[in-house]
Amino acid sequence: MSPENAPDPAPFARPQRPRWAVVGERAIEALIRLCGVSAILFVAAIFFFVLREAAPVLVRDEFSLGQFLFSTEWYPTSANNVRYGTLALTVGTLSVTALAMALAVPFGLGAAIYLSEFCAPRVRETLKVVIELLSAIPSVVWGFVGLTVMSKLIVTLTGAPVGVNILNGGIILALMSVPVIVSIGEDALKAVPDSYREAGLALGATRWQLVYRVLVPAARNGLLAAVLLGVGRAVGETMAVLMATGHAVHIPAGILDSVRTLTANIAAELGEAPAGSDHYRVLFLTGALLFLITFAVNFTADFVVRGIRRK
Amino acid sequence: MTRVPPSKPIRLALLALPAVLAAAACGGGGSQAAKPAKTIIQNKGSDTMVNVAQVWAEEYRKAAPDVEVEVSGGGSGVGIAALIKGAVDVANASRDLKPSEAEQAEKNTGKKPVGFNVGYDALAVYVHKDNPLSEITLEQLTDLYAEGGKTTRWSELGVKIPGVSDDTIVRVSRQSSSGTYEFFREHALGNRDFRMGSRDLNGSKEVVELVGSTPTAIGYSGMGYATAAVKMLGVTSQPGSPAVAPTIAAVHDKTYPLARSLHLYTLGEPQGAVKQYIDWILSDAGQKVVEDSGYVPVPPDQRAKP
């Protein structure tokens, strides 16, 4: 806006945008920036509050961090010897997650490749709707399926004494993370420019060669993100594993053994632990541990992706 | 200078305001006058008893609508501490009052605490119905459940379970916050900790269900939860003495080792509404609540006659 005061409007002045539009745009821009930054803010705040609840127990004489991380003895309400060791719970979380990923990653990525590259458009639309429906099933329903249907199947098929175990939890978690992996993986493959496909085919590659020599490498960041979100879903899932894994604190001897995960332990015990007690604080510390595990997974993956990119 | 009159909607609202206020005042006053004064009984204590106490309070509201019983848990010790301070009318306790506590209460309030036995909590040890075992000693239970125990297979107890190749014992337990867990730890394991690796379930009913569907399982739960798929074991407290089956009679004469009385304590002989409430709990209606909650009611000859 020019400062000079022309007595008559210049006949060829550029049309000015109304002031409210300019201000409004600025405001929206600021709002969007706030949304972006707020993610960091929220993560930091959550970590801070979880640690704040947990911190007082760290300086207690009865508590040792070594025991917390590396002991399998979890006796939060013992009458004569209280011990807070979470190794068995950590192993429980990792074993269920690992099994779930071993099932879900090949299955999910396979489905994503099929949907994106091999599938007729009409079939694809139907499949996508069904897969999205799968991800809309609440976790307590999955847990119920695990507890009733799956546990009976496992007992009949494997002869395991109890049907709620790592296998059950792993299958349920795999079913829960497959939709996430499929939809994000498919988006990642779709984002590869068509010129890559055309170039590949022009060089005489078969469709399969095209997929595993061109498309998967080109989309690897997105595919890794898909897998990671699946892992995150599995590590953080509570209700389904609480119902399907059998709730036994020990290092499992095989996939037909029951375990308890970090999340299920928090859910089962936090309600009964008196606020402010050591037990309560240790449960929050378990939450912080969970946070660190997911952080480590993401960080490693980021590292791996960068490593691949540099080559 | 002229005053600007309020715009039309505001004027209407101003007119309506006194009417609304008057209506509200009338309504409030009217409902208060219609409500009779309620007698409130404060009831606190044992977490084992908090569920049954809540059902008593709800059921009693039907019998005596002008009495409200406020129930809270916290543990037997918490309830007794509140009784000593005179903060509650009735304390629930799943253990006997200690002599020191009775003394303290008398010193503090000038009244002797009076106890009422209102039922029993008895745990049964459950196995699958096909398990040939019929009795177990407390020592065997400790070796099976407690930390440092060695028993992991049924063959070590001399039991062969039909149709099962892997006879590893599936130990079923409760989550550590449960009163049943603590009771079993205290009375069966002599306060030693549980061995890790038991399946810790969230409810009395779930324990019996899992044991009923697992031939190699053993579990403990309230006596009232038995089903056709499970079997209750007789329990021997001293080696050599005969096993006692968990029957209501054995609970009443205290020969069954995994049972305890449930008590209510008041300061001095109860009066008025509190007395009526306790009489009702000891009547057939109150004792039916005890039975429905999975506990053992008191024998009919000790009940209050209406």
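Keep in mind the model is a prediction, meaning the values are calculated, not measured.

A. Focus on the interface of chain B and chain A. Every contact between the two is made by 17 residues of chain B and, on the other side, 21 residues of chain A. In terms of residue count, the dominant contributor to the side of chain B that touches chain A is strand E7 (residues 199–201) of chain B (three residues). Each residue belonging to the side of chain B that touches chain A can be placed in one class, and the counts come to three nonpolar, nine polar and five charged.

B. A look at the packing of helix H6 (residues 166–190) of chain A against helix H9 (residues 220–236) of chain A. All names here are of chain A. Running from amino to carboxyl end, H6 crosses H9 at an angle of 160°, the nearest separation of the two axes being 8 Å. Classified by the interaxial angle, the pair formed by H6 and H9 is roughly antiparallel. Considering only the axes of H6 and H9, their crossing is right-handed. Residue-level contacts link Leu173, Met176, Ser177, Val180, Ile181, Ile184, Gly185, Asp187 and Ala188 of H6 to Gly222, Leu223, Ala225, Ala226, Val227, Leu229, Gly230, Arg233 and Ala234 of H9. Per-class residue counts for the contact of H6 with H9 are 12 nonpolar, four polar and two charged.

C. Local environment of the packing of helix H7 (residues 194–202) of chain A against helix H8 (residues 207–218) of chain A. Residue and element names in this part refer to chain A. At a closest axis distance of 10 Å, the pairing of H7 and H8 adopts a crossing angle of 155°. If you check the angle between H7 and H8, you find them roughly antiparallel. The crossing of H7 and H8 is right-handed. Counting all contacts with H7, which are made through Tyr196, Arg197, Gly200 and Leu201, the residues of H8 involved are Leu210, Val214, Leu215 and Ala218. In terms of residue class, the contact of H7 with H8 is built from six nonpolar, one polar and one charged.

D. Just the confidence of the model for chain B, in detail. Residue and element names in this part refer to chain B. Mean pLDDT over chain B works out to 83, with 87% of the residues at or above the 70 mark. Looking over chain B, one finds the lowest element-wise mean pLDDT in helix H1 (residues 8–34), namely 44, and the highest in strand E9 (residues 230–236), namely 93. Confidence drops under pLDDT 50 across residues 1–34; counting only partners more than four residues distant or on other chains, this segment forms two contacts.

E. Expanded view of helix H9 (residues 272–281) of chain B. All names here are of chain B. Taken together, the buried positions of H9 are occupied by Val274, Tyr277, Ile278, Trp280 and Ile281. Buried residues of H9, viewed axially, fall in a sector of 160°; they line one side. Turned more than 90 degrees from where H9 packs its buried face, Gly272 and Lys275 sit exposed.

F. A look at the environment of Gly254 of chain A. All names here are of chain A. Checked against the element boundaries, Gly254 lands in the loop between helix H10 (239–244) and helix H11 (262–269). Residue Gly254 is classed as exposed on the basis of its 10 C-beta neighbours within 10 Å. Remark: the alpha-carbon pair of Gly254 and Leu167, spanning 87 residues in sequence, is separated by 9.2 Å.

G. Highlighting the pairing of strand E1 (residues 39–45) of chain B. Residues and elements named next belong to chain B. Relative to strand E2 (residues 67–72), E1 is paired through six bridges, and the arrangement is parallel. Paired with Lys44 across the bridge in E2 is Ser72. Of the crossover connections in this fold, the one passing from E1 over helix H2 (residues 50–63) to the parallel E2 is right-handed. Across three bridges, the pairing between E1 and strand E3 (residues 90–93) is parallel. Considered in E3, the bridge of Asn43 is made with Val90.

H. Representation of the nonpolar core. Formed by 135 residues in total, the largest nonpolar core has its most connected members in Ile172, Leu173 and Ile181 of chain A together with Leu83, Ala122 and Val211 of chain B. Sort the elements by how many residues they give to this core and H6 of chain A lands first, with 15 residues. Non-local contacts of Val211 of chain B, meaning those with residues more than four positions away in its chain, are made with Tyr126, Val127, His128, Val172, Ala217, Ile218, Gly219 and Val230 of chain B.

I. The arrangement of the pairing of strand E8 (residues 217–222) of chain B in detail. Residues and elements named next belong to chain B. Counted residue by residue, E8 has six buried out of six residues, so it is predominantly covered. Pairing analysis gives five bridges linking strand E4 (residues 113–128) to E8, with the strands arranged antiparallel. In the strand pairing of E8, Val125 is matched with Tyr220. Where strand E6 (residues 170–174) lies against E8, three bridges are found, and the strand directions are parallel. In the strand pairing of E8, Val170 is matched with Ala217.

Cut-offs used in this document
- Residues numbered from 1 in each chain as written.
- Chains lettered and ligands numbered in written order.
- Predicted model: local features only at pLDDT ≥ 70, side-chain atom pairs only at ≥ 80, totals over all residues.
- Contact = placed C-beta atoms within 7 Å.
- Helix = DSSP H or I, 4+ residues; strand = E, 2+ residues; numbered from the N terminus.
- Nonpolar A, V, L, I, M, F, W, Y, C, P; charged D, E, K, R; others polar.
- Axes fitted to C-alpha atoms, helices over the stretch in contact; angles between N-to-C directions.
- Parallel < 35°, antiparallel > 145°, perpendicular 65-115°, else oblique.
- Left-handed = near helix turned anticlockwise from the far one by under 90°.
- pLDDT = per-residue confidence, 0-100.
- Buried ≥ 20, exposed ≤ 12 C-beta atoms within 10 Å, placed from the backbone.
- Arc of directions from axis to C-beta.
- Pairing = 2+ DSSP bridges.
- Right-handed = clockwise from strand over helix to strand, strands pointing away.
- Core = buried A, V, L, I, M, F, W, Y, C linked by C-beta atoms within 7 Å.

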